[in-house]
Each structure stands twice: as C-alpha cells, then as structure tokens.
Amino acid sequence: MIIAIDGPAGAGKGTIAVYLAGHFGFTYLDTGILYRALAHEALERSVDTEDESAIIALAASLTVQQAMGKGDALRGEEVAAVASRIAVIGEVRALLTQMQRDFGNNVSLPYKGAILDGRDIGTVIYPNATCKLFNTASPEIRLKRRLLESGDAKREQFRQALY
C-alpha cells in the first residue's frame, strides 16, 4: 500500500506522514530530503553546482539511507538554495523519481506499506497510489512553520514580527 501526501512547503505534510506511518506501521520518506541530501553532498564535496554532469553523477551515487542519515544538516538556507537549483535538472529528477518509486515498491516486513510526502508524489511519482492526500495551510501558517524550523535568527525575526 502506498500513501502519497502532496502539498506546498510548510503545510504540515511531514507531520501528518510521520504520525500516519507510526500509527499504521508504514515506512516513511520525505522526498524533499533526497534533493537536500544531494545539495548537501555537492557542497560538502565542493562540486560545482552549475556542472550538471557532476551533479547527475552525484545523484546516481546517492541512496535513500544516505539521505535519511544526514539529519539537521539538510535544513540550512544554503542547502535549500542549492536543492532548488539542482531540482530542475531533468536527469537528476529522473534518478530521484526512480529512487522514490523504488522506495515505495520495495517495502518489506515489518512495514505494511509506504508513505511518501512531497510536492508531486500523487501526480508524478505515484499517480496510482492507494491513497492520496493533499494538505495545505494558510500562507501565514506556512510561513510561520518554515521560519520556526529555519534556525534561531529567523525564529527571532518571526517572533519580533508577531509582537
């Protein structure tokens, strides 16, 4: 069983996905982590992010396990900016799309299925998912969620803007 959760940044897709995965005994993948992990690797290895062939080669060597092991290192603004730039490279998208499909298609015990969240999971990655959810929130809530997860300086700016 595949559950696809789509929606814009900061809408709470991950929060819902983590809860559902734990509740139903599913494995979970935040698909955006793959792009951020690739960006992080490129920055760590000083790979020119404008060199498409180098980024494609790096994407071909990435695994879901590597990406999931990066943790908070993937949440910085520099990583996010690079992830946005490399996400438009067609071959990178094709490689990471296949990685996401493989993740969902190769679920093994003790998991009963897979939950994937991202921005095109139900339309591109798994258009025939067993269950599709689209989650959104008001722009104010989405902004608040993004700022609260982006670090102390941004958090302080947001706190001051609220009060």
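Residues numbered from 1 in each chain as written. Predicted model: local features only at pLDDT ≥ 70, side-chain atom pairs only at ≥ 80, totals over all residues. Heavy atoms only, no water.

1. Brief notes about the confidence of the model for the chain
- With 91% of its residues at a pLDDT of 70 or more, the chain has an overall mean of 89.
- Helix 9 (residues 152-162) is the least confidently modelled element of the chain, averaging 54 in pLDDT, while helix 3 (residues 52-61) averages 97, the highest of any element. (pLDDT = per-residue confidence, 0-100. Helix = DSSP H or I, 4+ residues; strand = E, 2+ residues; numbered from the N terminus.)

2. So, the side chain of Gln100
- Within the secondary structure layout, Gln100 lies in helix 6 (residues 90-105).
- Among residues more than four places away in sequence, those in contact with Gln100 are Leu29, Thr31, Leu34, Tyr35, Leu116, Ile121, Ile125 and Tyr126. (Contact = heavy atoms within 4.5 Å.)

3. Considerations on the sheet that holds strand 2 (residues 27-30)
- What the four strands build is an open sheet, ordered 2-3-1-4; its pairing is parallel. Of all the strands in the sheet, just strand 2 and strand 4 (131-134) have a single pairing partner and so form its edges. Neighbour-to-neighbour, the strand axes of the sheet open up by a mean angle of 15 degrees, direction not taken into account.
- The pairing of strand 1 (residues 2-6) with strand 4 spans four bridges and is classified as parallel. By the bridge assignment for strand 4, Ile3 is matched with Cys131.
- Its contacts with the sheet put helix 1 (residues 13-24) on strand 1, strand 2, strand 3 (114-118) and strand 4, and the angle it makes with strand 3 is roughly 175 degrees. (Pairing = 2+ DSSP bridges. Axes fitted to C-alpha atoms, helices over the stretch in contact; angles between N-to-C directions.)

4. Some details on the packing of helix 2 (residues 32-44) against helix 5 (residues 77-86)
- Following both chains from N to C, one finds helix 2 and helix 5 inclined at 105 degrees, their axes separated by 8 Å at the closest point. By the criterion of interaxial angle, the relationship of helix 2 to helix 5 is roughly perpendicular. Side by side, helix 2 and helix 5 meet where Tyr35, Arg36, Leu38, Ala39, His40 and Leu43 of the first sit next to Glu78, Val79, Val82, Ala83 and Ile86 of the second.
- In terms of residue class, the contact of helix 2 with helix 5 is made up of eight nonpolar, one polar and two charged. (Parallel < 35°, antiparallel > 145°, perpendicular 65-115°, else oblique. Nonpolar A, V, L, I, M, F, W, Y, C, P; charged D, E, K, R; others polar.)

5. As for the pairing of strand 2
- Here strand 2 shows a buried face lined by Thr27 and Leu29 and a second buried face lined by Tyr28 and Asp30.
- The pairing of strand 2 with strand 3 spans four bridges and is parallel. Its bridge partner lying in strand 3, Leu29 is registered against Leu116. (Buried < 20%, exposed > 50% of the residue type's maximum accessible area, 1.4 Å probe, protein only.)

6. Things to note about the packing of helix 2 against helix 6
- At a closest axis distance of 10 Å, the pairing of helix 2 and helix 6 adopts a crossing angle of 130 degrees. In terms of orientation, helix 2 and helix 6 fall into the oblique class. Two packed elements cross with a definite hand, and for helix 2 against helix 6 that hand is right-handed. Residue-level contacts link Leu34, Tyr35 and Leu38 of helix 2 to Val92, Arg93, Leu96, Met99 and Gln100 of helix 6.
- Among the residues forming the contact of helix 2 with helix 6, the class breakdown is six nonpolar, one polar and one charged. (Left-handed = near helix turned anticlockwise from the far one by under 90°.)

7. Observations concerning the nonpolar core
- Core analysis: the largest hydrophobic core is formed by 34 residues, its most contacted members being Leu34, Leu38, Val92, Leu96 and Leu116.
- Broken down by element, this core gets its largest block of residues, seven residues, from helix 2.
- Not counting residues within four places of it along the chain, the set of residues in contact with Val92 comprises Tyr35, Leu38, Ile55, Ile56, Ala59 and Ile86.
- Grouped together as the second largest cluster of nonpolar side chains are eight residues, Ile3, Ile5, Tyr28 and Ile115 included. (Core = buried A, V, L, I, M, F, W, Y, C linked by side-chain atoms within 4.5 Å.)

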